[in-house]
Amino acid sequence: MLKFVEKFKIRFVALLLCFALLPFEALAYDLNEVSVFLTENVKEPVVGSIGGEWAIIGLARSNEKVPDGYFDEYYKRVESYTLSKNGVLHNRKYTEYSRVILALAAIGKNPENVAGYNLLAPLEDFDKTVYQGINGAIWALIALDSNNYPSSNREKFIDFILERQTTDGGWALRGDKADPDVTGMALISLANYQYAPKVKQATQRA
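What counts as what
- Residues numbered from 1 in each chain as written.
- Predicted model: local features only at pLDDT ≥ 70, side-chain atom pairs only at ≥ 80, totals over all residues.
- Heavy atoms only, no water.
- Helix = DSSP H or I, 4+ residues; strand = E, 2+ residues; numbered from the N terminus.
- Buried < 20%, exposed > 50% of the residue type's maximum accessible area, 1.4 Å probe, protein only.
- Contact = heavy atoms within 4.5 Å.
- Areas by Shrake-Rupley, 256 points an atom, 1.4 Å probe, with all protein chains shown as cover.
- Axes fitted to C-alpha atoms, helices over the stretch in contact; angles between N-to-C directions.
- Parallel < 35°, antiparallel > 145°, perpendicular 65-115°, else oblique.
- Left-handed = near helix turned anticlockwise from the far one by under 90°.
- Nonpolar A, V, L, I, M, F, W, Y, C, P; charged D, E, K, R; others polar.
- Polar contact = N/O pair within 3.5 Å; in protein donor to acceptor, adjacent residues only side chain to side chain.
- pLDDT = per-residue confidence, 0-100.

**Student:** Just to check I follow, could you spell out the overall build of the protein for this structure?
**Tutor:** For the protein, the count of helices and strands is ten helices and zero strands. When the helices and strands of the protein are placed in sequence order, the string is α-α-α-α-α-α-α-α-α-α. The 206 residues of the protein split such that 42% are buried. The contacts in the protein between residues at least 6 apart in sequence include a share of 60% that link residues at least 24 apart. Total accessible area on the protein stands at roughly 11,400 Å², and carbon and sulfur atoms take up 54% of it.

Here's what the structure looks like:
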């Protein structure tokens, strides 16, 4: 598995670098190549970071062709997994819920009823959602906004993120030195809220 992950990372980063150098007309071909690579290496996507939701999200949003039944079979595995866990995807890492919600939104499935469980409900527990720190708040906000799902915690998540902006203008999982990856995720999560002066100011700093 580790060998596959490293191979995937190397090839994916290489393709991203190619995108930056290619003319716009060539991007469609390379997107297709990534799609083929993903479906060949993630033949049976499951609930998980590796071999799961990130592949589903990328493929669904690319509008590239996938094997017949690919998304439907993934959804069946989500239902089965959710049932086996009695609706509790994780006791501590609520980014598990956010990641699955994003994947379900991408393939047009309803996260409010997965085998009888509402996967949005855990994100209503603010304290548990931010137990992981800023990562929890960022991905909860991104997940909720993926299909404008209802939540009483949007403002709390926004404030939680803004309060943790580093002195150099970005965000990080820990410490006060901005990390480009976390900063990028934070900017995505705040993108829909530029009408609020406090958010606009923070994103301009970043």
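Still more ground to cover, so stick around.
**Student:** Could you clarify how one ought to interpret the side chain of N153 in this entry?
**Tutor:** With respect to the element layout, N153 can be found in the loop between α7 (134–145) and α8 (154–162). When neighbours within four sequence positions are excluded, N153 is seen to be in contact with L123, E124, D125 and F126.

**Student:** Is there a simple way to explain the packing of helix α3 (residues 53–62) against helix α4 (residues 70–84) in this structure?
**Tutor:** A pair of packed helices can be characterised by two numbers: the angle between their axes and the separation between those axes. Packing of α3 against α4 leaves a shortest axis separation of 12 Å and a crossing angle of 150°. By the criterion of interaxial angle, the relationship of α3 to α4 is roughly antiparallel. The element α3 and its partner α4 pack so that their crossing is left-handed. On the side of α3, the interface is formed by E53, I56, L59 and A60, while α4 contributes Y70, F71 and Y74. Here the residues of the contact of α3 with α4 sort into six nonpolar, no polar and one charged.

**Student:** I'm lost on the environment of H90 in this one. Help?
**Tutor:** Turning to its location among the elements, H90 is positioned in the loop between α4 and α5 (95–106). Taking the C-alpha atoms as reference points, H90 and P122, separated by 32 residues in sequence, lie 10.0 Å from one another. In contact with H90, not counting residues within four places along its chain, are E96 and Y97. A polar contact is formed between the side chain of H90 and the backbone nitrogen of K93, at a distance of 2.9 Å.

**Student:** Is there a simple way to explain the confidence of the model for the protein in this structure?
**Tutor:** Atom-level detail of predicted coordinates should not be read off regions where pLDDT is low. The share of residues in the protein with pLDDT of 70 or more is 86%, and the mean pLDDT across the chain is 89. When the criterion is pLDDT under 50, residues 15–22 qualifies, and its contacts beyond four places in sequence or with other chains add up to seven contacts.

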